[in-house]
Amino acid sequence: MTQTANKADFPAVDLQNLVSQLAGILPQDSILHEQEDLRPYECDGLSSYRQLPLVAVLPDSVGQVQKIMRLCYSLGLPIVARGAGTGLSGGALPYAKGVLLSLAKFSKIIEIDKDVCIARVQPGVRNLAISQAVDHLGLYYAPDPSSQIACTIGGNVAENSGGVHCLKYGLTVHNIQQIKIVTIEGDLITVGGGGLDSPGYDLLALMTGSEGMLAVIVEVTVKLLPKPQRVQALLAAFDDVMNAGKAVGNIISAGIIPAGLEMMDRLAIKAAEDFVHAGYPADAEAILICELDGAETEVTEQTDAVRDILNNSGATEVRVAKDEQERVNFWKGRKNAFPAVGRISPDYYCMDGTIPRKSLPLVLQSMADMSVKYGLAVANVFHAGDGNLHPLILFDASIAGELEKAEEFGGKILELCIRVGGTITGEHGVGTEKLNQMCVQYKSTELSQFHAVKAAFDHKGLLNPGKAVPTLHRCAEFGAMHVHNGELPYPELERF
């Protein structure tokens, strides 16, 4: 399916004249405008949405970014910033009449300060590369999205990414200290500081998760943590998905906050086991992977407590990793679950919603019921500890109507998350994908405030247009469609 970013009408720009002006800023090989050169930038990880930009540029200095922004501002030209393109919500989808700004060349670690435990990095530095660079110092960077081998820190900030260990150590917003941004007018601004707090509005939190709509990130100062004295993983098998869901709540209610607490259902287990041979119990309906870290004594006590909780919650088997290799194997299947599912289905649609932990059994059962209704299988693999769901809806895009059916099914899952008191995203962002569900999540007065914030930074609406925050007109159309289909109208949803 091909879809453009939005229907806003920006003035047409002569391509050759634009390329000529860009040539005054960048080397010729850093300006891409031929169709075959633009193909790699037509989508992000949500590949069902595709659009070629008018031109793509690859600057390698902050000064070049500033000049590009000033040029776009003067021409009224939309601009979309892009990191590694691993996003799953269409957030880096180009605009047909605009510039795609790739930050791939911003890949340097500028400074590591082991005494204050920070690193200053450019936005194109890969997430995993930070931990690799400081490993010899006994430090690491905590947020670890499943795509950490490829995703970049600038994209992590733009989407407020989490990962397996966000339950204990927080999202990106909790693990950065300062960023440098370039505004649409080309100004370089520093947000945040060297302390734990600073006067004025918390613009660092505002920018984190703003999906490229407010500014372009050109530098990030991340917080580093000492590697824990001991790390211990447990794997529990269940013959009932509901029991696995209840076990999650039982662990947290016991006052134990694991470093990671992940869940996989039968379909995801089988796919991962066939792919990487992690040693998962093949007959389990669900597994939980629980990782504990900290001081030696603390981890020993928590391991015994969690094992008892899992057994009392109906686990059919509980394994405590006997060594580091077995711990790595536990995680190997989880980290490779997405590509593993890609081996068993021609296509899959990865969703991202967050719910209160207490609602996990109810939501899992509701998704199973919807799976039967839509005739599409769902593999569940997700951050159970913080309620961040990642159901993978399996479909075949070569069959007419299946993509649309999968998208409708995904939308219903997100609306279900809202109905139980959750939200439509935990780490993937809204992008192009979830605009309709934003209409369900927020009232028109709340959306108007979002638009006001956008206008304060980008009054021409040139940065990543048509993403993350829907227009009130779109929401009115979406609400009318729900009424026409006999469903609950926007923005009122009956809650469970």
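Everything numeric in this text was worked out from a predicted model, so none of it was measured.

What to know about the overall build of the protein
Here is step 1 of the chain: Within the protein, the secondary structure is distributed over 17 helices and 20 strands.
Here is step 2 of the chain: Judged by the C-alpha coordinates and their principal axes, the protein covers about 70 × 60 × 45 Å.
Here is step 3 of the chain: A burial count over the protein gives 55% of its 496 residues as buried.
Here is step 4 of the chain: A separation of at least 24 residues holds for 73% of the contacts in the protein among residues at least 6 apart in sequence.

Digging into the pairing of strand 8 (residues 176–182)
Regular strands place their side chains on alternate faces of the sheet.
Here is step 1 of the chain: With 6 of 7 residues buried, strand 8 is to be regarded as a mostly interior element.
Here is step 2 of the chain: Of the strand pairs in this sheet, strand 8 and strand 10 (residues 216–223) are connected by 6 bridges, and their pairing is antiparallel. Bridge assignment links valine 182 to a residue of strand 10, and that residue is valine 216.
Here is step 3 of the chain: Strand direction decides the pairing type here: strand 8 and strand 9 (residues 188–192), joined by 5 bridges, are antiparallel. Counterpart to isoleucine 179 in the pairing with strand 9 is valine 191.
Here is step 4 of the chain: Connecting the antiparallel pair strand 8 and strand 9 is a turn made up of 5 residues, with glycine 186 showing a positive phi of about 95°.

Observations concerning the pattern of salt bridges
Here is step 1 of the chain: Scanning all chains against the criterion turns up 21 salt bridges.
Here is step 2 of the chain: A salt bridge links glutamate 111 to arginine 120; the nearest nitrogen and oxygen atoms lie 2.9 Å apart.
Here is step 3 of the chain: We note a salt bridge from aspartate 304 to arginine 307, for which the minimum N-O separation is 2.8 Å. On the criterion of helical spacing, the pair formed by aspartate 304 and arginine 307 is a turn pair, its members being 3 residues apart in helix 10 (residues 296–312).
Here is step 4 of the chain: A relative accessible area of 35% means that aspartate 304 is categorised as partly exposed.
Here is step 5 of the chain: Look at arginine 307 and you get partly exposed, because its relative accessible area is 32%.
Here is step 6 of the chain: Each of Glu111, Arg120, Lys180 and Glu219 takes part in a single network of salt bridges with overlapping partners.

Observations regarding helix 1 (residues 15–22)
Here is step 1 of the chain: Looking at helix 1, one finds that the buried residues are Leu18, Val19 and Leu22. Burial along helix 1 is one-sided: seen end-on, the buried residues are contained in an arc of 100°.
Here is step 2 of the chain: Contact partners of the buried residues in helix 1: strand 1 (31–32), strand 2 (55–57), helix 3 (62–75) and strand 4 (99–102).
Here is step 3 of the chain: Between the side-chain oxygen at the start of helix 1 and the backbone nitrogen of glutamine 16 there is a gap of 3.4 Å, and the oxygen is on aspartate 14.

Some thoughts on unusual backbone geometry
Here is step 1 of the chain: If you check the backbone angles, asparagine 464 has positive phi at about 45° while not being a glycine.
Here is step 2 of the chain: Mapped onto the elements of the fold, asparagine 464 is located in the loop between helix 16 (444–457) and helix 17 (472–484).
Here is step 3 of the chain: We classify asparagine 464 as buried; its relative accessible area is 2%.
Here is step 4 of the chain: Located in the positive-phi region is alanine 468, a residue other than glycine, with phi close to 65°.
Here is step 5 of the chain: When you line up the elements, alanine 468 lands in the loop between helix 16 and helix 17.

Focus on the nonpolar core
Here is step 1 of the chain: One finds Met263, Leu310 and Ile393 to be the most contacted residues of the largest nonpolar core, which totals 64 residues.
Here is step 2 of the chain: Leave out the neighbours within four places in its chain, and methionine 263 touches Val241, Ala244, Gly245, Ala286, Ile287, Leu288, Leu364, Asn380, Val381, Phe382 and Ala384.

Quick word on the state of the cysteines
Here is step 1 of the chain: Summed over all chains, the structure comprises 1 disulfide.
Here is step 2 of the chain: Across the disulfide from cysteine 439 sits cysteine 475; the S-S distance is 2.1 Å. Between cysteine 439 and cysteine 475 the sulfur-sulfur dihedral comes to about -80°; the bridge is accordingly left-handed. Of this pair, cysteine 439 sits in helix 15 (residues 435–441) while cysteine 475 sits in helix 17; the two residues are 36 residues apart in sequence, bridging distant segments of the chain. Assigned by exposure class, cysteine 439 and cysteine 475 land together as buried.

Here's the deal with the sheet that holds strand 4
Here is step 1 of the chain: Pairing within the open sheet is mixed, and its 4 strands lie in the order 1-2-4-3. Every other strand in the sheet has two partners, leaving strand 1 and strand 3 (79–82) as the edge strands with one partner each.
Here is step 2 of the chain: Here strand 1 runs beside strand 2; their pairing, made up of 2 bridges, is antiparallel. Paired with leucine 32 across the two strands is alanine 56, which belongs to strand 2.

Describing the packing of aromatic side chains
Here is step 1 of the chain: All told, the structure shown has 4 aromatic pairs when counted by the stated rule.
Here is step 2 of the chain: Where tyrosine 140 meets tyrosine 169, the ring centres are 6.4 Å apart and the plane angle is 85°; that geometry is what we call edge-to-face. You can see tyrosine 140 sitting in strand 7 (residues 139–140) and its partner tyrosine 169 sitting in helix 6 (residues 166–169), a full 29 residues away along the chain.
Here is step 3 of the chain: With 5.0 Å between their ring centres and 5° between their planes, tyrosine 374 and phenylalanine 409 make a pair best called stacked. On the criterion of sequence distance, the pair formed by tyrosine 374 in helix 13 (residues 360–374) and phenylalanine 409 in helix 14 (residues 402–419) is long-range, its members being 35 residues apart.
Here is step 4 of the chain: For tyrosine 374, a relative accessible area of 8% gives the class buried.
Here is step 5 of the chain: Classification of phenylalanine 409 by relative accessible area gives buried; the value is 0%.
Here is step 6 of the chain: Above the plane of the ring of tyrosine 73 lies lysine 460, whose end atom (NZ or CZ) is 3.9 Å from the centre.

Topic: the environment of valine 372
Here is step 1 of the chain: Mapped onto the secondary structure, valine 372 falls in helix 13.
Here is step 2 of the chain: Classification of valine 372 by relative accessible area gives exposed; the value is 69%.
Here is step 3 of the chain: For the pair valine 372 and leucine 101, spaced 271 residues apart in sequence, the C-alpha separation works out to 42 Å.

Examining the pairing of strand 5 (residues 109–113)
Here is step 1 of the chain: Note that strand 5 and strand 6 (residues 118–121) share 4 bridges and pair antiparallel. Along strand 6, the bridge assignment pairs glutamate 111 with arginine 120.
Here is step 2 of the chain: Between the end of strand 5 and the start of strand 6, which pair antiparallel, lie 4 residues, with cysteine 117 showing a positive phi angle near 60°.

Observations regarding helix 11 (residues 324–335)
Think of an α-helix as turning once every 3.6 residues; residues three or four places apart then point the same way.
Here is step 1 of the chain: Taking 1.5 Å as the rise per residue, helix 11 with 12 residues should run 16 Å; its terminal C-alpha atoms sit 16 Å apart, in good agreement.
Here is step 2 of the chain: Within helix 11, the full set of buried residues consists of Glu326, Arg327, Phe330, Trp331, Gly333 and Arg334. Along helix 11, the residues classed as buried sweep out an arc of 155° about the axis, all on the same side.
Here is step 3 of the chain: Its side-chain oxygen 3.3 Å from the backbone nitrogen of glutamine 325, aspartate 323 forms the N-cap of helix 11.

The rules behind the values
- All chains use their own residue numbering, which begins from 1 and follows the written sequence.
- Selection of residues for local features in this predicted model requires a pLDDT of at least 70, selection of side-chain atom pairs for listing and counting requires 80 or more, and totals for whole chains, interfaces and linings are taken over all residues.
- Side-chain measures were taken over the full set of non-hydrogen atoms in the model, leaving aside hydrogen atoms and water.
- Here a helix means four or more residues in a row that DSSP labels H or I, a strand means two or more in a row labelled E, and each is numbered from the N terminus.
- Burial classes: relative accessible area under 20% of the type maximum marks a residue as buried, over 50% as exposed, and values in between as partly exposed (1.4 Å probe, protein chains only).
- What makes two residues a contact is simply this: any of their non-hydrogen atoms within 4.5 Å.
- Strands are labelled as partners when DSSP assigns at least two bridges between them.
- The term salt bridge refers to a side-chain nitrogen of Lys or Arg lying within 4 Å of a carboxyl oxygen of Asp or Glu.
- Throughout, the arc means that of the directions going from the helix axis to the C-beta atoms.
- Polar contact criterion, stated in full: a pair of N or O atoms within 3.5 Å, where within protein one must be able to donate a hydrogen and the other to accept it, and residues adjacent in sequence count only if both atoms are side-chain atoms.
- Definition used in this section: a nonpolar core is a set of buried Ala, Val, Leu, Ile, Met, Phe, Trp, Tyr and Cys residues joined via side-chain atoms within 4.5 Å.
- Count a disulfide wherever a pair of cysteine sulfur atoms falls within 2.5 Å.
- When the centres of two rings from Phe, Tyr and Trp lie within 6.5 Å, Trp using its six-membered ring, the rings pair. Their planes under 30 degrees apart give stacked, over 60 give edge-to-face, and anything left gives tilted.
- Consider the ring centre and the ring normal. A charge sits over the ring if Lys NZ or Arg CZ is within 6 Å of that centre and within 35 degrees of that normal.
- A helix is expected to reach a length of 1.5 Å times the quantity of its residues less one.

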